[in-house]
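Residue-level structural notes
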Amino acid sequence: MDSPTSAGSTARIIPARSSMIESIRGCGLPGVRINRDELKKKLLIPEYLRHAIRDAIKTKDADAQADRYFSKTGELYDPPENEGPEGPMVIFVNSKSGGRHGPELKLRLQQLMGEEQVFDLSIVKPHEFVEYGLVCLEKMALLGDNCARETREKMRIMVAGGDGTVGWVLGSLAALYRQGREPVPPVGIIPLGTGNDLARSFGWGGSFPFAWKSAVKRSLQRAISGPVCRLDSWQLLVSMPCGEVVDPPHSLKATEECSLDQGLEVEGQLPEKVNSYEGVFYNYFSIGMDAQVAYGFHHLRNEKPYLAQGPISNKLIYSGYSCTQGWFLTPCISDPSLRGLKNILRLHVKKVNCTEWEQIPVPKSVRAIIALNLHNYGSGRNPWGTPKPDYLEKKGFVKAHADDGLLEIFGLKQGWHASFVMVELISAKHIAQAAAIRLEIRGGEWKDAYMQMDGEPWKQPLSKEYSSFVEIKREPHHSLMINGE
C-alpha cells in the first residue's frame, strides 16, 4: 500500500457500487409524483423570449432580434408578466451520448418545456447560446423588458451528457466572467457518459436511471431549487516546438499566445517557433498509459459506433481494450525502461501558499500521472483515498476539496496496480499537491505522448531536440454547479 488511509471497509465498497445504487435511487419512491403541468409552468420561458433566443442564435444577430421582439411584444405575443418564470432553464443534450437514450431524452425534455429551450449540441454550440441567446436577453432587459431581465438573472442550465460535454458548457460560460456579464448560470447534470465523475461529485448520480422518464422530471425539479456549489477550473497550456496535436478535443484550442510562467527558467535551447494550445478542465488531466488507452478506445468507438450502445458496453470494451495496449503486460520487444514517464518527463509544482517552483521527482515505476481536482475518477473511484491527518501533516498535504485551489497529483504503475487502486484495495502513488504544475517533456525514443483532460484524449507529438511544455494553473473564477442531492 502506497499510503495509509482512514477509510474503513464500508467506505471502500460504496464507490464501487455507487452506479447501481444511484440508478435505483433515481427511480424515486413509489407514490412520490411531480405534476408535469406544474413543472412545465416553473420551467417554461415566455414564448416571445424563447423565439427571440432561437432567432438570435440562428441569425447570429442578438441586437436586431432584441429590437424586433421588444417592439412587437403585445402585437404578436401575449403581454409579458412583470416577472419571469420561477425556474427558467435551458438544456444542452449530447444526443450521441447514452447509447440509444440520447435522442429519446431530447424528445422527452422538449415535452416537459419549450422546444426552443432544448438544444442539441450537434446543432447549437454552447458558445453560440452565450454569444447570441444570452446577449439577446440582456439587450431586451436594457430596453426595459422586466420579464427578460428576470429570466436572465434566474437562468439555470442542465447538461445531458458525459464529463467532456459538461466541461464544454462550463468553458463557454466562463466567457461571462471575462466579459463582466454576471450572473453566470449554474449548471446541473443528467449523466449520459461512461464515467460521469462530475455528475457523481455534485449529487446527480453516476449513470442514467432505469426509470429515466420519471427520473428526468425529478432532476429538473431539483435543478430549479438546488443549492449552488463552487468548482475550481484549471487552465491548461500546451507549448510544442513543431507539428500539431493529433485530433485535439473541442476543449483544446490552438492559440497564438504562449504565456508560460517566466518564474521558472527553461534549460537548454528554445525553438524559434512554437505551436500552442489552451483549454480548461474541471476534474482531471493525465499523461501516460491511461490516456493512451482512452485515445485508442475513442478511435475504436468512432470507427465502430455500433459497439457504443451505452455505459455498460463502453466499460466492457474499455476494459478489454486496455489489455491490448501493454497496460498489463509490457511486450517483450519493447525496452521496459522506456515505459516509465520518468524517462521523458520533468515535473515542477507550486505548492500551497508558495510562489516558487519546486521540482518533484517522478517515481521510475509510474506509467501514468494524473492531476485530480475532485474525489471521483474512473467512474466514481477515489484513487487519492482518504489519508489520515498525521500522514497529511508528514507529507505537507491538506485535506482535498473541489474548491481549495489545489490539484492532487498521483501515479499509476501498471494495469495491475491501477486495478487494485480502482477497487480501492490500495491508494495510488501520491506524488504532490499543487496550486500550479509545469511538465517538461522531451521525446527521446518516444515519438508521441498521450494526454487527456476530463475524459477527452489526444496524441501529443514529441521532439528529440526540443522540449514540449504543459502548464496548469487555476482560473481566477470558480465554475458554479447545482447540487443535485
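The coordinates are above.
Overview of the structure.

Definitions and cut-offs
- Residues numbered from 1 in each chain as written.
- Predicted model: local features only at pLDDT ≥ 70, side-chain atom pairs only at ≥ 80, totals over all residues.
- Heavy atoms only, no water.
- Pairing = 2+ DSSP bridges.
- Helix = DSSP H or I, 4+ residues; strand = E, 2+ residues; numbered from the N terminus.
- Axes fitted to C-alpha atoms, helices over the stretch in contact; angles between N-to-C directions.
- Salt bridge = Lys/Arg side-chain N within 4 Å of Asp/Glu carboxyl O.
- Buried < 20%, exposed > 50% of the residue type's maximum accessible area, 1.4 Å probe, protein only.
- Contact = heavy atoms within 4.5 Å.
- Arc of directions from axis to C-beta.
- Core = buried A, V, L, I, M, F, W, Y, C linked by side-chain atoms within 4.5 Å.
- Phe/Tyr/Trp six-rings, centres within 6.5 Å; stacked < 30°, edge-to-face > 60°.
- Lys NZ or Arg CZ within 6 Å of the ring centre and 35° of its normal.

1. Comments concerning the sheet that holds strand 16 (residues 448–453)
- A sheet is described by the order of its strands in space; here six strands give the open sequence 14-13-12-9-16-17, paired in antiparallel fashion. Each end of this open sheet is capped by a strand with a single partner; those strands are strand 14 (429–434) and strand 17 (456–461). When strand polarity is set aside, the average angle formed by the axes of neighbouring strands in this sheet is 20°.
- Judged from the three bridges that link them, strand 9 (residues 284–288) and strand 16 form a sheet pairing that is antiparallel. Each residue of the ladder has a partner; that of Phe285, found in strand 16, is Met453.

2. Quick word on unusual backbone geometry
- Residue Pro183 is reached from Glu182 by a cis peptide bond, and omega for that bond is 10°.
- Of note, Pro183 is situated in the loop between helix 8 (163–178) and strand 4 (187–191).
- A positive phi angle, close to 55°, is found at Lys60, a residue other than glycine.
- Along the chain, Lys60 turns up in the loop between helix 3 (47–59) and helix 4 (62–72).
- Phi angles above zero are rare outside glycine, and Asn353 is one such case at about 60°.

3. Some remarks on the pattern of salt bridges
- Summed over all chains, the structure comprises 17 salt bridges.
- A salt bridge links Arg54 to Asp55, with the shortest nitrogen-to-oxygen separation between them at 2.9 Å.
- Residue Arg54 is classed as partly exposed on the basis of its relative accessible area of 36%.
- Among the salt bridges present, the one from Asp403 reaches Arg230, with a minimum N-O distance of 3.4 Å. In this pair, Asp403 is assigned in the loop between helix 13 (389–395) and strand 13 (407–412) and Arg230 in strand 5 (residues 228–231), connecting sequence segments 173 residues apart.

4. A look at the environment of Ser219
- In this fold, Ser219 is placed in helix 10 (residues 212–225).
- The class of Ser219 is buried, set by a relative accessible area of 10%.
- Once residues within four sequence positions are removed from consideration, Ser219 is found in contact with Met158 and Trp204.

5. Some remarks on helix 4
- All buried positions along helix 4 are accounted for by Ala62, Gln65, Ala66 and Tyr69. Viewed end-on, helix 4 has its buried residues packed into an arc of 105°, placing them on one side of the element.
- Buried positions along helix 4 lie against helix 3 and helix 6 (126–142).

6. Quick notes on the nonpolar core
- By size, the foremost hydrophobic cluster in this structure holds 70 residues, and its most contacted members are Leu105, Leu109, Phe129, Met140, Ile157, Leu220 and Leu231.
- When residues of this core are assigned to their parent elements, the largest contribution, eight residues, is made by helix 6.
- Membership of the second largest hydrophobic core comes to 35 residues, among which are Leu347, Ile369, Ile431 and Ala434.

7. Brief notes about the side chain of Lys106
- The topology assignment puts Lys106 in helix 5 (residues 101–112).
- In this structure Lys106 comes out as buried when scored by relative accessible area, which is 19%.
- The contacts of Lys106, once residues within four sequence positions are left out, are Val93, Val118 and Asp120.

8. Quick word on the environment of Pro457
- Relative to the helices and strands, Pro457 is located in strand 17.
- The spacing of Pro457 and Pro249 is 208 residues in sequence and 7.0 Å in space, taken between C-alpha atoms.

9. As for the packing of aromatic side chains
- Counted under the stated rule, the structure contains seven aromatic pairs.
- Considering the side-chain rings of Phe92 and Phe129, the 5.7 Å spacing of their centres and the 80° angle between planes classify their relative orientation as edge-to-face. With Phe92 in strand 1 (residues 89–93) and Phe129 in helix 6, the pair connects residues that are 37 residues apart, well separated along the chain.
- For Phe92, a relative accessible area of 1% corresponds to the buried category.
- Put simply, the rings of Phe92, Phe119 and Phe129 pair up and form one aromatic cluster.
- Against the face of Trp357 rests Arg438, its NZ or CZ located 5.8 Å from the ring centre.

10. As for the sheet that holds strand 10 (residues 345–350)
- Within the open sheet, the seven strands sit side by side as 7-8-6-18-15-10-11. Their pairing is antiparallel. Each edge of the open sheet is held by one strand with a lone partner, namely strand 7 (252–255) and strand 11 (358–360). Shown here is a sheet whose adjacent strand axes are inclined to one another by a mean of 25°, direction ignored.
- Sheet topology note: the strand 7/strand 8 (residues 275–281) ladder contains four bridges and is antiparallel. Across the sheet, Ala254 pairs through a bridge with Tyr277, a residue of strand 8.

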